[in-house]
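This is what each chain is made of:
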Amino acid sequence: DTGVSQNPRHKITKRGQNVTFRCDPISEHNRLYWYRQTLGQGPEFLTYFQNEAQLEKSRLLSDRFSAERPKGSFSTLEIQRTEQGDSAMYLCASSTRSYGWDNEQFFGPGTRLTVL
Amino acid sequence: GQQVMQIPQYQHVQEGEDFTTYCNSSTTLSNIQWYKQRPGGHPVFLIQLVKSGEVKKQKRLTFQFGEAKKNSSLHITATQTTDVGTYFCAGLATNAGKSTFGDGTTLTVKP
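Residues numbered from 1 in each chain as written. Chains lettered and ligands numbered in written order. Predicted model: local features only at pLDDT ≥ 70, side-chain atom pairs only at ≥ 80, totals over all residues. Heavy atoms only, no water.

With respect to the overall build of chain A
Threshold: Per the convention used, a helix needs a DSSP run of H or I reaching at least four residues, while a strand needs a run of E reaching at least two, with both numbered from the N terminus. Here the globule rule reads 2.2 Å times residues to the power 0.38, and the radius of gyration is calculated from C-alpha atoms. In this scheme, a residue with accessible area under 20% of its type's maximum is buried, one over 50% is exposed, and one in between is partly exposed, where area comes from a 1.4 Å probe on protein chains only. For this analysis, residues touch if any pair of their heavy atoms sits within 4.5 Å. Under the convention used here, a 1.4 Å probe and the Shrake-Rupley method define accessible areas, while residue burial counts only the protein chains that appear. The convention is simple: Lys and Arg are positive, Asp and Glu are negative, and His and the chain ends are not counted. Where a charge sits is defined by one atom per residue type, namely NZ (Lys), CZ (Arg), CG (Asp) or CD (Glu).
A tally of regular secondary structure across chain A gives zero helices and 13 strands. N-terminal to C-terminal, the α/β element order of chain A is β-β-β-β-β-β-β-β-β-β-β-β-β. Taking 116 residues into account, the globule formula puts the C-alpha radius of gyration at 13 Å, and chain A, at 14 Å, falls close to it. Counting over 116 residues, chain A shows a buried share of 45%. Put simply, of all contacts in chain A between residues at least 6 apart along the chain, 54% involve residues at least 24 apart. Split by element, the accessible area of chain A, about 6,000 Å² in all, is 46% carbon and sulfur. Across chain A, the 15 positively charged side chains and the 13 negatively charged ones have centroids separated by 6 Å.

Regarding the sheet that holds strand β7 (residues 61-65) of chain B
All names here are of chain B. We apply this condition: Pairing between two strands is assigned when DSSP locates at least 2 bridges connecting them. Fitted lines through C-alpha atoms serve as axes, helices being fitted only where they are in contact, and the angles separating the N-to-C directions of these axes extend from 0 to 180 degrees.
In spatial order, the strands read β1-β3-β8-β7-β6; together these five strands make up an open sheet with antiparallel pairing. Pairing within the sheet leaves two strands with one partner each, and these edge strands are β1 (4-7) and β6 (55-58). The mean angle between the axes of side-by-side strands here comes to 15 degrees, regardless of whether they run parallel or antiparallel. Of the pairings in the sheet, the one linking strand β3 (residues 19-25) to strand β8 (residues 71-76) comprises six bridges and is antiparallel in character. Considered in β8, the bridge of T20 is made with H75.

Focus on the sheet that holds strand β1 (residues 5-7) of chain A
Residues and elements named next belong to chain A. Spatially, the four strands line up as an open sheet ordered β1-β3-β8-β7, and their pairing is antiparallel. With one partner strand each, in any of the chains shown, β1 and β7 (65-68) form the two edges of the open sheet. Sheet twist, expressed as the mean angle between neighbouring strand axes with direction ignored, is 15 degrees. When strand β3 (residues 19-24) meets strand β8 (residues 75-79), the two strands line up antiparallel, connected through five bridges. Counted as the bridge partner of C23 is S75 from β8.

Concerning the environment of V44(B)
Residues and elements named next belong to chain B. Relative to the helices and strands, V44 is located in strand β5 (residues 44-49). The exposure class of V44 is partly exposed, given its relative accessible area of 43%. When the C-alpha atoms of V44 and T100 are compared, they prove to be 15 Å apart, with 56 residues separating the residues in sequence. Leave out the neighbours within four places in its chain, and V44 touches W34, Y35 and K36.

Side note on the pattern of salt bridges
As a reminder, the rule being used: In the sections that follow, a salt bridge refers to a side-chain nitrogen of Lys or Arg positioned within 4 Å of a carboxyl oxygen of Asp or Glu.
Applying the stated criterion across every chain, the model contains seven salt bridges over all chains. Residue K98(B) is joined to E56(A) by a salt bridge in which the shortest nitrogen-to-oxygen separation is 3.9 Å. Within this pair, whereas K98(B) is found in the loop between β9 (85-93) and β10 (100-101), its partner E56(A) is found in strand β6 (residues 53-57), the two belonging to separate chains. K56(B) is paired through a salt bridge with E54(B); the nearest N and O atoms lie 3.7 Å apart. Taken together, the shared-partner salt bridges in this structure form one network comprising R64(A), E83(A) and D86(A).

Regarding the interface of chain A and chain B
Quick reminder of the rule: Buried area, as used here, totals the accessible surface that two parts lose on assembly, with accessibility defined by a 1.4 Å probe and the loss added over both. By the criterion applied in these results, polar contacts are pairs of N or O atoms within 3.5 Å in which, for protein atoms, one can donate a hydrogen and the other can accept it, and in which residues neighboring in sequence qualify only through two side-chain atoms. Throughout this entry, Asp, Glu, Lys and Arg are counted as charged residues, while Ala, Val, Leu, Ile, Met, Phe, Trp, Tyr, Cys and Pro are counted as nonpolar. The remaining residues, Gly among them, count as polar.
In this complex, chain A contributes 23 residues to the contact, which on the side of chain B involves 20 residues. Buried surface at the junction of chain A and chain B, summed over both partners, amounts to about 1,700 Å²; 52% is from carbon and sulfur atoms. For the pair chain A and chain B, the number of links is one salt bridge. Across the contact surface, chain A and chain B share six residue pairs in polar contact (both at pLDDT 80 or more). When residues of the side of chain A that touches chain B are traced back to their parent elements, those giving at least two are β4 (31-37), β5 (44-50) and β11 (101-102) of chain A. Here the residues of the side of chain A that touches chain B sort into nine nonpolar, nine polar and five charged.

Here it is in structure tokens:
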């Protein structure tokens, strides 16, 4: 148990519906990352937060994706008007940041999204 | 932008054989991390390398950071079936805000 939790673990939705995922990081971690992973690929970066500030969002990310971390604790990732190509595992990770380098990321179990 | 490439993409070995995966960055790195993802699981941190030419060992696993801090390798001696999984490197480019993951090397071990 890494201490990062994600809900739901599985989500099946119909194309065009909106979905929201939640991530609860390890409590003292100030960094929170969202990734998307498909079979045979590495984690694809979506966005990340330092405390409540969203520092970077992938340029490849559609405007249908939005993420928040309102109080610097848990985070939500919303996908609007889902498409079949959004089907993937959505991973959340948290870490601390030292000066000059990243510390290890602790990953949650992921939310598997299936868009029918 | 920064690119992190890993080779090979897949490696099939007989139990007891050695295994090596290589990670190459298009830019100089501040540090590099290695993760292992078991089938059906999520990535789990293995190690972090920070210094040029650094070598670290964990039992049968040896990790190396290149002198130019643009490449790294993971070597497993005498593989076991428990080594099965996908090994990812993640590199933090100098002055970058976050690390970039490679696409991983998937290792299968035949008993």
